Amino acid sequence: MLRTSWRNFLRTKRIFFPALAAAAGLTGYILYQGIQFGLHKNVLGFAGELQQACAPLFLLELYLSYEFLHAVRHSGLEEAVSAIPQGKPRLYAAPLAVLLCLAAVFFLVTETACALLGLVAQAPGMYFSHTLAVNTLNTLAAGALAVLTGGLLALCCKRLPAYGLLALLGFWMLPASDLVPGILNDSYHINIWPAKALFSWVLPPNTTWSIDYQYGISCEAWRWDLVGLWLFLVLTALVWRLLRGKGRRIAGSVCLACSAGCLVLFAQGDSLIDLTLSPTSVFRADAAYYFQNSPREEEPSFRVASYQMDLRIRRGLLGKVTMELEGPPLSQYPFTLYHGYQVAKVTDETGDALPFTREGDYLTVTPQGELSSLTVEYAGSSPMFYSGSQGVCLPGCFPYYPWAGYRKIFYAEPDDGIGLSSFIPRTDLPQSDFTVTVTGGKNLQASLPEVDGTYQGTANGFSLMGGLLESEESGPYRLVTSPLAPPWCQVTEEWLDQLQAAITQEEKKRGLSPAIQLSDYVLFQNNETLLNRAGYGLAICFSDHMFLQMGWKAEGLAEKIVAQYYDPVLLSAEEVQAELERQAMGA
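In this text the structure is predicted, and so the values were computed from the model without any measurement.

**What to know about a negative patch on the surface**
There is a patch of like negative charges on the surface, built from Glu324, Glu349, Asp352 and Glu370. Topologically, Glu324 is positioned in strand E2 (residues 317-326). Overall, Glu324 belongs to the partly exposed group, its relative accessible area being 37%.

Dropping the structure here:
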């Protein structure tokens, strides 16, 4: 039957010619992106651009599958094979196998192009494993889902309602339909974004946005669970439609159990980059929150002498942080911890629970006697600063662990006429001793040195990053870089020497004795999240490490570094605006 199905596929014009046109179009698109690669040499950008072909291929495979199996269903063969054992399943399995082979061909073409360009660009090994996982999910697994879904509709629906469902499904999965949940949420406070995510996140998201080269192309465990959920649900329906008797019960139960397992994992969520218009997305969640909640800025009467942190990276952050406190006894201890992290409990040094209150980013603990240390257990995530299955971006200037005192961390606030929607780089915290243990995560890199599996040291902030990163030394400099970043963002020892000279020159221009030596710091390569989405800018400077926009003009970057090192942190949008005006007048 498989050979006959191949012949029918090749002879049926309304099926073969669209498939041939799609193969030619995909090849042409790959060649076009290959020409563009010759100009920008951005190998991960090339792979990212290819993901834009996934949605058209998905819709095409839906159409081909429906038409092919619809033709088989109305060929009269179903009654002829009904007397043959397992005749009906074999009749439909053959055309499904042909179409699954077509999906595999699209996958192989895409993956081969990515691999060849990676070899030409001499990309590191992480590129090949990353693009293989990405193309397997976005092209192969999603293509298989399209084939099975189209086949199921062919078995269950007549042409007119089937095409109505296909059109509705295609519209709901594409970004073009974002307007519908956007209007319902913003105008009528009806949130159907989760219902849209159940379908739209089957296809790769964020394909028209700049890539965070530390995070890479979307391939989160949560999306694997979603695709697996739909695959097994559709398989369950196909099994129920095609099989009979004991075989149907066994195969159906297995598929249903697998879909239930995927549902359980999917329900756990994930900390990922969401660039849609959803109220929980990168661009909307924090802005909406801080425009409605007033910040506080109150210096504490105590300090955290040391942190002992047990962090677990799963599909979010789970933290257990013990803090040694120094200062006079207080009736209340104020802390800042981002509101996306839910506090489970707070205990004192004996393990007894302490009463606490939570108001947005602020945690207030009431002691039951003299308090020398306390432990906070919490879990959650941030829409901006991811900590999930694909990457970790937790800079020390963001309160993913408790800070002493009430701190303002976002510029925008209620009744703010400027509306600066960006985070404040809080690098003005006092130094503390850190002992940090981290489990989970992908290719983690930390700002403190690792000793026997524990990060230890003294600093005014602890930064934890993970994803497509590597650590290296370049001359006297210690670096954590994104090797898949574009060539213009790559760092060399020569560029670092130029930056050091520019920093020294900027200090002398201010009448200061040169104090900043880049060789004394761990230098992290800035990423898209920190630079533009969070609004931290070109440089973030801590006492022992820095985040720098590698490859930037040395003089401009040096000015930002010196300003961060010597000048106070600007805590209001008005101060930021005044500083920008001063710089413009100075220029």
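**Observations regarding the pairing of strand E7 (residues 373-380)**
Regular strands place their side chains on alternate faces of the sheet. With 8 bridges joining them, E2 and E7 adopt antiparallel strand pairing. Residue pairing in the sheet places Gly319 in a bridge with Tyr378 of E7. Two strands pair when backbone bridges link them, and strand E4 (residues 341-348) and E7 are joined in this way by 7 bridges, in the antiparallel orientation. Residue pairing for E7: Lys345 is matched across the bridge by Glu377.

**Looking at the packing of helix H1 (residues 2-11) against helix H2 (residues 13-40)**
Close contact between H1 and H2 brings their axes to 5 Å; oriented N to C, the two are set at 80 degrees. Classified by the angle between their axes, H1 and H2 sit roughly perpendicular to one another. Side by side, H1 and H2 meet where Phe9, Leu10 and Arg11 of the first sit next to Lys13, Ile15, Phe16 and Ala19 of the second. Its residues placed into classes, the contact of H1 with H2 shows 5 nonpolar, no polar and 2 charged.

**Considerations on helix H9 (residues 179-188)**
For H9, the full list of buried residues reads Pro181, Gly182 and Asn185. Across the axial projection of H9, the buried residues extend over an arc of 105 degrees, all falling on one side. When the buried face of H9 is taken as reference, the exposed residues oriented beyond 90 degrees from it are Leu179 and Tyr188. Of the residues trailing H9, His189 is marked for its positive phi of about 55 degrees.

**Brief notes about the sheet that holds strand E3 (residues 333-336)**
Read across the sheet, 4 strands follow the order E5-E6-E3-E9 without closing on themselves; strand pairing throughout is antiparallel. The sheet is open, and its two borders are formed by strand E5 (356-359) and strand E9 (403-404), each paired with just one other strand. Here 4 bridges tie E3 to strand E6 (residues 362-365), and the two strands are oriented antiparallel to one another. Directly across from Phe335, in E6, lies its bridge partner Leu363.

**With respect to the packing of aromatic side chains**
Remark: the centre distance and the inter-plane angle together describe each pair of aromatic rings, the angle taken between the planes. Within the structure shown, the criterion is met by 35 aromatic pairs. Relative to Phe547, the ring of Phe542 lies with its centre 6.5 Å away and its plane at 70 degrees, an arrangement referred to as edge-to-face. Side by side, Phe542 and Phe547 carry an identical accessibility label, which is buried. An aromatic cluster of three or more residues is present, and its members are Tyr289, Tyr290, Tyr338, Tyr341, Tyr378, Phe385, Phe398, Phe410, Phe423 and Tyr536. One cation-aromatic arrangement involves Lys196 over Trp172; the distance from NZ or CZ to the ring centre is 5.3 Å. The ring centre of Trp240 lies 4.2 Å from the NZ or CZ of Arg248, which sits over that ring.

**Concerning the pattern of salt bridges**
Under the definition given, this model contains 15 salt bridges. Taking the shortest distance from any N to any O, the salt bridge between Arg284 and Asp186 comes out at 3.0 Å. A residue pair is termed long-range when its members are at least 10 positions apart, and Arg284 in the loop between helix H12 (245-267) and helix H13 (285-290) and Asp186 in helix H9 qualify at 98 residues. Residue classification places Asp186 among the partly exposed residues on the basis of a relative accessible area of 41%. Close ionic contact of Glu299 with Arg407 constitutes a salt bridge, the shortest N to O distance being 2.9 Å.

**Thoughts on unusual backbone geometry**
Non-glycine residue His189 carries a positive phi angle of around 55 degrees. Residue position: His189 is located in the loop between H9 and helix H10 (193-200). On the basis of relative accessibility, which here comes to 71%, the residue His189 falls in the exposed class. Look at Asn206: it is not a glycine, yet its phi comes out positive at around 60 degrees. Relative to the assigned elements, Asn206 resides in the loop between H10 and helix H11 (221-242).

**Remarks on the pairing of strand E1 (residues 303-313)**
By the bridge criterion, 10 bridges tie E1 to E2 in an arrangement that is antiparallel. When the bridges of E2 are listed, Ser306 appears paired with Glu324. Between the antiparallel neighbours E1 and E2 lie 3 residues. Both E1 and strand E10 (residues 432-440) contribute to a ladder of 8 bridges, which runs parallel. For Ser306, the partnering residue across the bridge sits in E10 and is Asp433.

What counts and what doesn't
- Residues numbered from 1 in each chain as written.
- Predicted model: local features only at pLDDT ≥ 70, side-chain atom pairs only at ≥ 80, totals over all residues.
- Heavy atoms only, no water.
- Patch = residues over 30% accessible without salt bridge, like charges linked within 9 Å, V, L, I, M, F, W, Y side chains within 5 Å.
- Areas by Shrake-Rupley, 256 points an atom, 1.4 Å probe, with all protein chains shown as cover.
- Salt bridge = Lys/Arg side-chain N within 4 Å of Asp/Glu carboxyl O.
- Lys, Arg positive; Asp, Glu negative; His and termini not counted.
- Charge placed at Lys NZ, Arg CZ, Asp CG, Glu CD.
- Helix = DSSP H or I, 4+ residues; strand = E, 2+ residues; numbered from the N terminus.
- Buried < 20%, exposed > 50% of the residue type's maximum accessible area, 1.4 Å probe, protein only.
- Pairing = 2+ DSSP bridges.
- Axes fitted to C-alpha atoms, helices over the stretch in contact; angles between N-to-C directions.
- Parallel < 35°, antiparallel > 145°, perpendicular 65-115°, else oblique.
- Contact = heavy atoms within 4.5 Å.
- Nonpolar A, V, L, I, M, F, W, Y, C, P; charged D, E, K, R; others polar.
- Arc of directions from axis to C-beta.
- Phe/Tyr/Trp six-rings, centres within 6.5 Å; stacked < 30°, edge-to-face > 60°.
- Lys NZ or Arg CZ within 6 Å of the ring centre and 35° of its normal.

On their own, these measurements won't tell you what the molecule is for.
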